[in-house]
Amino acid sequence: MTGCPLEEKISEMHILKRDGQGIAALAMVMVDNPMCPATGHRICNDCMKACIYQKQDPVNIPQIETRVLTDVLSLPWGVEIYDLLTRWNPLRQQQWAMKPYNGLKVMIAGMGPAGFTLAHHLLLEGFAVVGFDGLKIEPLPNQLITEPIYQFDSLVESLDQRLMAGFGGVAEYGITVRWDKNFLKLIYLSLLRKPYFQVFGSTRFGGTITVDDAWEMGFDHFVIAVGAGLPKALSIPGSLAPGMRQANDFLMALQLGNAAKTNSLTNLQVCLPAVIIGGGLTGVDTATEVQAYYITQVDKTLARYETLVEQQGEEAVLKQLDAASIEILEEFLVHGRAVRKERERAQATNEQPNFIKLIHQWGGVTIVYRRTIQESPAYINNHEELQKAFEEGIYYLEALEPASVDLNQFGHAEALVCHRRLRKNSDEWQTTQEEVRLPARAIFVATGTQPNTAYEFEHRGTFIRVGLQYQHYEDTDGELAVAHGVAHCKDAHFGPFTSYQKNDRRVSLIGDTHPVFHGNVVKAIASGMRTYPKILTLLKEKLGRSGHEEEYQTFANHIAHLFKAEIAHIQRRTKNVVELTIQAPLAAKHFQPGQFYRLQNYETFAPQINHTTLQMEPLALIAAEVNRPLGTLKFIVIEKGASAKLCKLLQVGEPVSLMGPTGVRAKIASKHETVLIMGNQLSLALLHTYGAALRHAGNRVIYVGHFKTKEEVYCQDTIEQSADLIIWITETGEPVSPVRPEDYSVTSDDCLAVLVQYATGKLHAEKNQPEIPLSDIDRIYLISDTHILRRFQEARNTYLKEWLVKKPRVHGSVYSTMQCMLKGVCAQCLQWQVDPKTGKRTKAVFACSWPDQPLELIDFDNIEERQIQNRLQEHLSNLWVDHLLTRLPEL
Ligand SMILES: Cc1cc2nc3c(=O)[nH]c(=O)nc-3n(C[C@H](O)[C@H](O)[C@H](O)COP(=O)(O)OP(=O)(O)OC[C@H]3O[C@@H](n4cnc5c(N)ncnc54)[C@H](O)[C@@H]3O)c2cc1C
Ligand code: SF4
């Protein structure tokens, strides 16, 4: 261990605190660690671990450090004292006061601990800083920014009800809730109060913004602080079956998605017993959160179920629920009643309810690790977290290697089968064939992540990678040199820069994205602290000038305009379709047909009805239209599911969180191709933009649209402009009336049979051969449910084969659940692919990166499994929203 990565002056702090100099002690901490609200108790203990007196209990420095902070915060105007010390600290030998604006601008991608620390130091040096993050960042009340705060308490929100501001990266959505996240609000506030800082959420590095954009916008330096990503699927039989997910997915839905709150609509279905795979802090946090969440979940389910049954009757509530969901519901109701009873008992006896006993009765939560607990990263990094977890009743099993997931009769996870491991010598372990079967109806994978290098996969050739990490460099007088053999994060030559060099432009990398600082919050903060002097040296020739206020205001207004996203227009198009036009200039800038966006309303502006916050879960939406000069995007929202139904409540002018574009673009060939697009109502949006772009580039488009009824087709004229030939298929009712002679309209529930009829010239009495033969088709896009995808995969190799002579590439939609949509951060969208020959699973890919995949590679079963992860809760939320919306006219 190397001790505190920030080299905080610990002894000096102790002496000042001992002598009753509370504010001076805090000033001493803040000499090296102005971001101390994000360190200390519950977060880091590198200082303690490195204590040279290993045979006695070390002084609990983190706790003392945090106490030094909270003692000041609890003084009258304590927030202001902290805030002042961030700007003016006479104990500091550098940066003792904030310098005036120097006219230079830095853009930082990622607002986790690394990003916000670097922002702070650069602001003190007089830079203008724009930070952005892919997460939704909620605004802070203006009053907090502009008016002094007398009491810290007025800033503090109760931890189970606080607004998830989305600021602070993993510190916000991952790290233990036993840490007081009001500290993040303090940091957020202190940065927002700095005059040359702007921050924007819902902005994806690589999609919404590229490095080149930053130069175009006038930035002098770019920083990558996007943390770690790419959680890996566990490649064992049964992996990712309903009930099994990535720990990051769970934690993000729980905290950022607000599932933990009783008033939220976020669906996150968890059954007990639960097993967490992995010995890191993520595993420990997940384990304790699962326990706490389970109680909230059954409580909430019972309360909503009772209201719904009272209003609609049990039959109506249970209608459309499958057998598996009914079984889970019954269990949740029994457990919900037990929770209620325990609460009543505790109240009657004036005690705290003992939910651990109940959790244990229901199977409990177990962490499974491959080695011993002492070797686990959680023990090494922060053993106190493990201690707390045991106090909360978590079970721990050592030396087990997950081997497979057993499924129940519904195909849901039932048990995790592991193989016992034996230690061969101090470093080596051997996996035996001895099986240990752990009952597990929920399984969470927390087996680690890697530095986030998604940008390089999307914009190949921008940065040099070594394996899955960016190569990092030192810059000496304009020359980049690889930083070799960096032993630890205190090495002076750690290499803050990527390989990027365009004239004098450089891009640096910090925090979890940097291999040397990867791993914990205090190292991320240290990376910010150690990188800013290197940026100063890099830009030394431009430093020393003074910036102009007027120039900054013009710049800041322009940036604010580019990053905004607000509702420009809402129009109901059919009974189940609302069209949204959103003004979002930057989001519109890079859109390419085939890509999509993540839409959510802000919790701050979300209506509240009957103790429920009408906040949407993230909705994935394909843009149906883009108008770059106006900076607008149009989306077709099909009102299926609780969140989609909330779109109609959005107001013109309301700011929304629109993140994107994301996903890969659809290919537009330069040699004239014939493309078949076939799909249900969901395909309309893709057709609007992709069809039009294909035709514009000289390709031909055949559209086969299959709909339930004619009413689902509300934009016939626009569709006609996007396709050369259309076959309208409706299942029931009146058929669509084609306007153009080349188009067809039929009533059928079998779109493939219709395709064959078209190919054989039997679709229309007066036409005996197709206008565009299927043999011309070069590429096919299928946007439909798995039933159609499966059938098409079979048909292309059998009865459609004789027409598909060009062996077209067929892309099928893998539109299932997604959360962050940042290409590999939360991993909710992990989707198995199969070997087309053997049908065996090969690898899991991020569907948000690749939503339309080669049909022969798609594991259709896995799409269906992913769709039923939260089925019961989705059903109840849907009914709950309907129930709440009926109350709207009264409001
Ligand atoms: C569950 C969990 C528990 C942990 N517990 C502890 C602990 O107790 N103590 C400790 O010290 N460390 C802990 N860690 C590790 C610690 O959280 C990280 O090391 C630290 O947050 C890294 O900071 P960062 O700023 O580099 O990255 P992050 O905190 O990951 O922030 C990166 C930000 O970049 C954003 N981003 C990602 N991709 C994009 C993109 N393409 N465009 C725009 N923005 C993007 C993300 O949304 C995120 O907000 C834990 C980690 C996890 C996951
Ligand atoms: S920042 Fe963390 S590691 Fe450094 S002294 Fe404080 S508690 Fe210890």
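Residues numbered from 1 in each chain as written. Chains lettered and ligands numbered in written order. Predicted model: local features only at pLDDT ≥ 70, side-chain atom pairs only at ≥ 80, totals over all residues. Heavy atoms only, no water.

## Considering the pattern of salt bridges
Applied cut-off: Note on definitions: salt bridges are taken to be side-chain nitrogens of Lys or Arg within 4 Å of carboxyl oxygens of Asp or Glu. Runs of H or I in DSSP of at least four residues are treated as helices and runs of E of at least two as strands, each being numbered from the N terminus. Exposure is judged per residue with a 1.4 Å probe applied to protein chains only, and the accessible area is read against the type maximum: over 50% gives exposed, under 20% gives buried, and values in between give partly exposed.
Counting across every chain of the model gives 64 salt bridges. The salt bridge involving Glu474 is made with Lys534; its shortest N-O contact spans 2.9 Å. Of this pair, Glu474 sits in strand E17 (residues 473–476) while Lys534 sits in helix H18 (residues 521–538), and the two are 60 residues apart along the sequence. Here Glu474 and Lys534 have matching classes, each one buried. Ionic pairing is found between Arg740 and Asp743, a salt bridge with its closest N-O pair at 2.9 Å. Residue Arg740 shares its accessibility class with Asp743, and that shared class is buried. Three or more residues are tied together by salt bridges with common partners; here these are Glu80, Asp83, Arg87 and Arg193.

## Observations regarding the domain arrangement of the chain
Rule in force here: Note: domain ranges come from an automatic or database domain assignment. Between two residues, a contact is recorded if the distance between any of their heavy atoms is within 4.5 Å. When two parts are brought into contact, each loses some accessible area as probed by a 1.4 Å sphere; the total of that loss over both is the buried area. Polar contacts, as counted here, are pairs of nitrogen or oxygen atoms within 3.5 Å of one another; within protein the pair requires one atom able to donate a hydrogen and one able to accept it, and residues that are adjacent in sequence qualify only if both atoms are side-chain atoms. Residues are sorted three ways: Asp, Glu, Lys and Arg are charged, Ala, Val, Leu, Ile, Met, Phe, Trp, Tyr, Cys and Pro are nonpolar, and all the rest, Gly among them, are polar.
Domain annotation for the chain reports domain 1 (12–44 + 63–229 + 451–551), domain 2 (244–445), domain 3 (564–662) and domain 4 (674–820 + 827–858). Using C-alpha coordinates to define each centre, domain 3 is positioned 25 Å away from domain 4. Contacts between domain 3 and domain 4 engage 20 residues on the former and 18 residues on the latter. Taken together, both faces of the contact between domain 3 and domain 4 bury some 1500 Å²; the carbon and sulfur share is 66%. Where domain 3 packs against domain 4, one counts 0 salt bridges. Taken together, domain 3 and domain 4 are joined by 4 residue pairs in polar contact (both at pLDDT 80 or more). Residue assignment for the side of domain 3 that touches domain 4 shows that the elements contributing at least two residues are strand E21 (566–574), strand E22 (577–583), strand E23 (596–601), strand E26 (619–627), strand E27 (632–638) and strand E28 (656–662). Ranked by the residues each element gives to the side of domain 3 that touches domain 4, the list is headed by E26, at 5 residues. Looking at side-chain class alone, the side of domain 3 that touches domain 4 contains 12 nonpolar, 4 polar and 4 charged residues.

## A short note on helix H27 (residues 871–885)
What counts is decided by this rule: Here, expected helix span is obtained from the residue count minus one, scaled by 1.5 Å.
Along its 15 residues, H27 runs 21 Å from first to last C-alpha, staying within 8% of the 21 Å computed at 1.5 Å per residue. In terms of burial, H27 is a largely internal element, 11 of the 15 residues being buried. Listed as buried for H27 are Leu872, Gln873, His875, Leu876, Ser877, Leu879, Trp880, Val881, His883, Leu884 and Leu885. In this structure, the buried side of H27 is in contact with helix H12 (281–312), helix H13 (314–318), helix H14 (323–348), strand E24 (608–609), strand E25 (612–613) and helix H21 (642–645).

## Some words on the pairing of strand E34 (residues 809–813)
The following threshold applies: A strand pair is defined by DSSP finding two or more bridges across the two strands. Think of it like this: strands point away, you trace from the first strand over the helix to the second, and a clockwise trace means the crossover is right-handed.
With 4 of 5 residues buried, E34 lies mostly within the body of the structure. Bridging between strand E33 (residues 779–783) and E34 involves 4 bridges; their strand directions are parallel. Looking at the pairing, Arg779 lines up with Arg809 of E34. Considered for its hand, the β-α-β crossover made up of E33, helix H25 (residues 786–796) and E34 is right-handed. Where E34 meets strand E37 (residues 852–854), 3 bridges bridge the pair, whose relative direction is antiparallel. In the strand pairing of E37, Gly812 is matched with Gln853.

## Quick look at the environment of Lys490
Note that Lys490 resides in the loop between strand E18 (479–482) and strand E19 (497–502). Separated by 204 residues in sequence, Lys490 and Leu694 place their C-alpha atoms 54 Å apart. For Lys490, the residues in contact, after removing those within four places along its chain, are Thr2, Gly3, Cys4, Pro5, Glu7 and Arg530. In this structure the side chain of Lys490 is engaged in a polar contact, spanning 3.1 Å, whose partner is the backbone oxygen of Cys4.

## Details of the packing of aromatic side chains
Stated precisely, the cut-off is as follows: Ring geometry is summarised as follows: Phe, Tyr and Trp rings, the Trp one being its six-membered ring, pair when their centres sit within 6.5 Å, and such pairs are stacked at plane angles under 30 degrees, edge-to-face over 60 and tilted between the two.
Counted by the stated rule, this structure contains 31 aromatic pairs. On the basis of an interplanar angle of 90 degrees and a centroid distance of 6.3 Å, the ring pair of Tyr703 and Trp728 is categorised as edge-to-face. Highlighted residues: Tyr703 in strand E30 (residues 700–707) and Trp728 in strand E31 (residues 725–730), separated in sequence by 25 residues. For Tyr703, a relative accessible area of 0% gives the class buried.

## Observations regarding the pairing of E28
Walk down a regular strand and you will see the side chains alternate between the two sheet faces. In terms of burial, E28 is largely enclosed, as 7 of its 7 residues are buried. Across 5 bridges, the pairing between E23 and E28 is antiparallel. Along E28, the bridge assignment pairs Gln600 with Ser657.

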